[in-house]
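Descriptive analysis of the structure
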Amino acid sequence: MPWRLLRFVTSGKHPEPQMFTHHDGLKKVYDAVIIGAGGHGLAAAYYLARDHGMTNVCVLEKGYIGGGNTGRNTTIIRSNYITPEGVQFYDTSVKLWQDLSQDFDLNLFYATRGHYTLAHTDAALRTMRWRAEVNKHCGVESEVVGPEELRREIPMMDMSCGGHAPIIGALYHAPGAIARHDAVAWGYGRGADQRGVQIHQQTEVLGIEVTAGRVSGVRTSRGFIATSKVLCAVAGSTPRILDMIGVRSPIYIHPLQAMVSEPMKPWLDPILVSGSLHVYISQSARGELVLGASLDPYELHSTRSTLDFTEGLAAHMLELFPFLSHVKIVRQWAGMADMTPDFAPIMGKTPIEGFYLDAGWGTWGFKATPVSGKTMAHTMVTDTPHPLITGFSLDRFRNYALTGEKGAASVGH
Amino acid sequence: MSNNHRLPRLPGEWIDRAHSIEFEFEGKHFQGFAGDTISSALWASGQRVLGRSFKYHRPRGIFSLANHDVNGMMQWGQKLNVRADVTLLEMGMQLSAVNTFGGLNKDPAKVLNHLSRFLPVGFYYKAFHGKRLFPRWERVFRTLAGLGKVNLSTPRLLTPKDYAFCAVLIVGAGPSGLAAALAAADQGADVVIVDENAQAGGSGGYQIGGELAKREATEALLVRVIAHPRIRLLTGIYAAGYYTDHWIALVDDKKMTKLRAEAVVIAAGSFEQPAVFRNNDLPGVVLGSAAQRLIYRYAVRPMQRAVVLCANADGYRVALDLIVHGVMVAAIVDLRAHHQPCDAEVELAAKGVEMHTGTCIVEALPTPGCSGVAGARIAAFANGVADAATARDIPCDGIVMSVGWAPAANLLYQAGTHMRYDDLVEQFVPDALPPGVFACGRVNGVYDFKARLLDGERAGSAAAAHVGFGEKRSVSVPVELESSSFPWPIVAHPQGKNFVDFDEDLQLKDFENAVQEGFDNIELLKRFTTNGMGPSQGKHSNMNALRILARLVDKHPREVGTTTARPFFHPVPMALLAGRGFHPVRRTPMHLRHAAMGAYFMSAGDWQRPEYYARQHKDRLECIREEVDMVRHGVGIIDVGTLGKLEIIGPQAAEFLERVYVSRYANLKIGMTRYAVMCDETGVVVDDGVVARLAEDHFYFTTTTSGATAIYRELSRLNTQWQMACGIINHTGAFAAINLAGPQSRKVLARVTTLDLSAAAFPYLAIREGKVAGIPARLMRVGFVGEWGYEIHVPAEDGVALWDALVAAGSPFGIRPFGVEAQRLLRLEKGHVIIGQDTDGLTTPFEAGLGWAVKMDKPFFIGQRSLQIVDKQPQRQRLVGFRLDQAHGGPAPQECHLVIHDGAISGRITSIGWSHILCAYIGLAMVTPELAKPDQTFEIRITDGSLVVARVTPTPFYDPEQRQQKEEA
Ligand SMILES: Cc1cc2nc3c(=O)[nH]c(=O)nc-3n(C[C@H](O)[C@H](O)[C@H](O)COP(=O)(O)OP(=O)(O)OC[C@H]3O[C@@H](n4cnc5c(N)ncnc54)[C@H](O)[C@@H]3O)c2cc1C
């Protein structure tokens, strides 16, 4: 047992300080306002304060810390994308992740488990080879593995997939990891709070003042704030905020669902994804199976659950692992995924000066939490996009310079 | 063991004493009766410890006996996490408690109970994250956490699924639900009423409290319900989730039934809530309702000598039930300082039972070994605080608590109901119900028995009226006179172990600490403490957590609010969700012919297609090579029936095609075909095919196999949107298609048709309608493989006859079938692209070398605007043909290997193959423009990291003048 736990016994009172300070009200002016206390907003606040000494900053959250997609996601962290821009960006994130628990002095349960994307068809295997080659080129561990290796590493898996979609290979990505999502938001939140950033929960942004093409303030459910820099990091609510300033984006919202089983003793270490079956699975430290699938097929601004999602997901999962027949699903939920046409995010400046956008995180943004925070903080302070995010600008849709990640991000998250 | 706790036979008991059932628990032999649950049988046999808790491995026994806690969670062979409280006993069961190490009694992990002070709420966030050691700690956590074990050899369980419909669904067959069912059915609605219990009646069957009249009234309702022609009563089935438009998942132990109702009445009752005091989790501390279930359902005496903790009339009624069934009630302890005595209380007083008001239990005193209750320590209780100075101990072997309820509102939440906290009943009640959703009984805050029946009647009548049966009756439901729920049933203790959430071993101080750390709203508190996140999903813990939070932050429970209740109500096995799992596989009409000819099948989407035809003593590559040779030098035949086959008819058919494809079709001559490329709005190539004009207003066209479904859907969508004067018909499954290709193909065809096949009468790219082997057919002189050939489309039912006729006609020429692999190579030799392989999600027609097909001067086509913009930009990449050096001897590059130029990624191989005819590796690559110049060389990096040189080569590689397919041989 670690010594650090001794303090809970030796001290009479619970020896833990408050993670988030209570503030009586909003200040009239902030140097920067961040909309959305999800992982991304909080990470940006943290790096603004830590790396750039900018602390007169507030984070406004209409609900509670981490209550958006951050607290709903299935926490797959990986960098085996298909474009060099994507691979470098997510690889930077993975490296930040690996030190994050230490940075925060908070255990994020960052667990490197390895990540397999299964191929059931030639075409899938071809895309995996492409990814493996681009990854290796960028110094990221990725390789195409054959059925023998899969049989060795995941011996309990039915390689014939119930006889109808035999597995012919996989993309293996050793750094693939999972983490405890809520703790990530708390870690960034606490770190920002300790450095003077104000986090205001239950504070909704209702409007944004723009004067002569520049941001001048934010209207909230608790009053007006003057500021010259606003970061919008609201994932599924992005279209609503952009409507406030009349900026168009190609973001469209689809629900993304997930479900979790009752806890059971560990039997599965790696994270497994099957693009053809549209399913993925990992086992959490608590022993629950965390199960997900691809997007709901239609646009909808809602976090309702559907029954057919659980039916399809269970059916496909039992093809891979028939022995889960008796395992029970306790809970299902949904988030609103802010999708982009090329499955890459939208980051950086916008036509409104002082208004910065961090959006288009769709089904894949959790893993980017550290790097997006870091690069957006840089972008806000210098008013120039961080070199890692130039491929993700809003302009790219106007300029037909897309960053095509569909091949690596559709089911894999 | 003897049934020493079994009561004499009781009327209405659920057990069948004629059928005794033998089973094993933790290696020991037990006996129960049919109708027993695992827990009731064990309890009857004196087994108090049913399991160990999740975190501290504390012994646990019956608590709710209703699946509102998971104290008794068991492994039963391949079944894991079996809920003993509600699982019917079966002969020969071999059970053990989950999550123990070496058995229930030994379990060395129980030491964690003594270490609990080291392990406060969220302790795992505060340590163990040293980079080097975390993986090891994670192992430890994973081993300690988790409940049951999956048996990796469990076979896939295939279960049926059922579908049902009704006008009014009633969830819960207790008194209010039964009343609602009758009211709705009497008004003419067809009603389904479901209950998760093995028998209907709900609390009316066991919350007797000395008033048998309640049970009689419930039974009378039940008799009417069963007899009612419009009511279907289903028991042993639970509503697992409510989904949009009254779509309900009903789950029993064999299957899932999906029911669509026109209206839903939630009469799900309420969950009895624990009082929080030290050791409130000891085996022997039970909810009042659990004691009553034990008695009236299973005829089991819950204990010998009880202390009853209460804060409402229900508690006194339980005490009466206990006394009636031979339990000595040592004392009744009422948390309330003042109250109006109820009838039961008066009766108990007359019996001389010791009673204390304004008093609480501060601690359940454990027996040595902590596996049971030895006594209750009580103390004066005022303003939510116990006065330790007044503490005194009352010996007993069981504590029964009845201090309040929480609505079973899960489905109401899922349906989108807005709930409000009602100060009178001290619980959340529906405030605004969505259309077609109704609530009655306890979930609606109505507790008085008679009032519940009226409330049921009201809701049932309203639901029936909502769906058009009868008039909504006005029924006035009397308001509750007192609350059944105590606002603060929580007693602090310096030594803790006063549990709020039993699944997660959360104690009162965990909440205090969490709030101190800033997790001070209900959602954050839940996530940090994990309250309500265990298998019972907060049924016994959410309400107390909310009360604790409200007090800690000095707010009203109303302001604190609840967390969202998501499906499922109770967990659902994956097998039941999955059902049988159907996999539609599509076969072309000639499938059996292919099989007979030795086809090795591959899947192409849903379709099965011959990859190649196996031959004796020949390997795959040899077979493919022979197939290729036959097409190049003789004649081959391939089934292309998987292509999308569409027809468009109407005055604006040509205009429609001009809008959706990049080329021009208005000027296509009748009887001719033209290649067709489709883009999306961003100008990216998404599909290709061939468009044939049959008449001025009539076209027949094909799509790729993989695109067929999506393209038809998209075209239908566009046609709906544009409202053009044309209609689209999908013939994909209705037509068979065969491609006859090779220099001898015309001779073969000539043997089975009277059509004039001369080049003049049936030129390249023409379409003709006529008979082939007596079958009406459409013939197109096109071909992916670059030889003289015909694509022949016939009604699907004639496909086999056509195939047989062509094979017979071709036999003098040595005709052979060829598969997808040979076709891929043949087309590569011709430099034809495969959309989706040689292009990707960003490729424009210009980049793919299909620019010639794009008619930018058309008024409009999908993707045109984007292509206009893209066309002005410098090209980023280009598809080129390449050849490897003849001398290349090492491993060949594979598709998707990268082109590396100056150390940077400059493209990728999209297709590659060995052409034995050209005696070279040939391929297509998407490369940057500077590498796309004729005769330019570039380097491909293969898997082992070495570089292979390729040379840009014009396509087609084979027959560049296109003589083979166009000119008469
Ligand atoms: C089911 C599911 C599974 C997923 N799985 C993965 C995965 O495995 N790996 C991965 O990398 N990604 C995954 N994702 C995606 C990932 O969760 C998100 O991309 C990421 O969490 C986005 O973080 P964020 O901080 O930008 O947004 P959020 O966490 O959604 O935070 C945005 C916040 O903004 C707040 N807000 C919105 N409007 C306003 C307003 N007007 N005023 C104030 N506040 C406002 C919201 O309340 C919210 O808290 C998944 C998503 C879902 C839904």
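Residues numbered from 1 in each chain as written. Chains lettered and ligands numbered in written order. Predicted model: local features only at pLDDT ≥ 70, side-chain atom pairs only at ≥ 80, totals over all residues. Heavy atoms only, no water.

**Topic: the overall build of chain A**
Assigned secondary structure in chain A consists of 11 helices and 19 strands. Its C-alpha atoms give chain A a radius of gyration of 21 Å, near enough to 22 Å, the size a compact globule of 413 residues would have. By principal-axis analysis of the C-alpha atoms, chain A measures approximately 65 × 65 × 40 Å. Counting all 413 residues of chain A, 68% fall into the buried class. Restricting to contacts in chain A with at least 6 residues of sequence separation, those with at least 24 account for 76%. Here chain A displays about 13,100 Å² of accessible surface, and carbon together with sulfur accounts for 51% of that area. Taking the average place of the 37 positive charges on the side chains of chain A and the average place of its 38 negative ones, the gap between the two points comes to 4 Å. (Helix = DSSP H or I, 4+ residues; strand = E, 2+ residues; numbered from the N terminus. Rg over C-alpha atoms; globule rule 2.2 N^0.38 Å. Buried < 20%, exposed > 50% of the residue type's maximum accessible area, 1.4 Å probe, protein only. Contact = heavy atoms within 4.5 Å. Areas by Shrake-Rupley, 256 points an atom, 1.4 Å probe, with all protein chains shown as cover. Lys, Arg positive; Asp, Glu negative; His and termini not counted. Charge placed at Lys NZ, Arg CZ, Asp CG, Glu CD.)

**Topic: the UniProt feature "domain: FAD/NAD(P)-binding" (unreviewed entry) in chain B**
Feature annotation in UniProt assigns "domain: FAD/NAD(P)-binding" (unreviewed entry) to the following positions: residues 168-444 of chain B. The distance from the first to the last C-alpha atom of residues 168-444 of chain B is 18 Å, and the span holds 23% helix and 39% strand. (UniProt positions renumbered as here; feature names shortened; annotations may be inferred.)

**Some words on the site of the ligand**
All names here are of chain A. Around the ligand there are 37 residues in total, and Glu61, Asn69, Thr70, Ile76 and Lys367 lie nearest to it. Here His40 contributes a backbone N or O atom positioned 2.9 Å from an oxygen atom of the ligand. A distance of 3.1 Å is found between an oxygen atom of the ligand and a backbone nitrogen or oxygen belonging to Gly365. The fraction of the free accessible surface of the ligand (1,000 Å²) that becomes covered by protein chains is 97%. Of all the elements in the fold, those that place two or more residues in the shell around the ligand are helix H2 (39-52) and strand S13 (252-261). Counting residues per element, the shell around the ligand draws most heavily on S13, which supplies 3 residues. Looking at the shell around the ligand residue by residue, the class counts come to 14 nonpolar, 18 polar and 5 charged. Looking at which domains feed residues into the shell around the ligand, each of domain 1 (26-72 + 182-251 + 342-408) and domain 2 (112-175 + 252-338) gives three or more. (Near = heavy atom within 4 Å. Polar contact = N/O pair within 3.5 Å; in protein donor to acceptor, adjacent residues only side chain to side chain. Nonpolar A, V, L, I, M, F, W, Y, C, P; charged D, E, K, R; others polar. Domains from an automatic or database assignment.)

**What about the side chain of Arg293 of chain B?**
All names here are of chain B. Structurally, Arg293 is set in helix H5 (residues 288-298). Buried charge without a partner: Arg293 forms no salt bridge, and the closest opposite charge is Glu272, 6.1 Å away. Excluding anything up to four places from it in sequence, Arg293 contacts Ser64, Leu65, Ala66, Tyr206 and Tyr298. (Salt bridge = Lys/Arg side-chain N within 4 Å of Asp/Glu carboxyl O.)

**Some words on the interface of chain B and chain A**
With 105 residues of chain B in contact, the opposing surface of chain A contributes 92 residues. When residues of chain B are sorted by the area they lose upon contact with chain A, Tyr125, Arg142 and Met574 of chain B head the list and together hold 10% of the total. If you look at where chain B meets chain A, you find 12 salt bridges. In this structure, Glu895 of chain B and Arg126 of chain A form a salt bridge, with 3.1 Å as the shortest nitrogen-oxygen distance. Along the contact surface separating chain B from chain A lie 57 residue pairs in polar contact (both at pLDDT 80 or more). Class assignment for the residues of the side of chain B that touches chain A results in 51 nonpolar, 29 polar and 25 charged. (Buried area = accessible area lost by both parts, 1.4 Å probe.)

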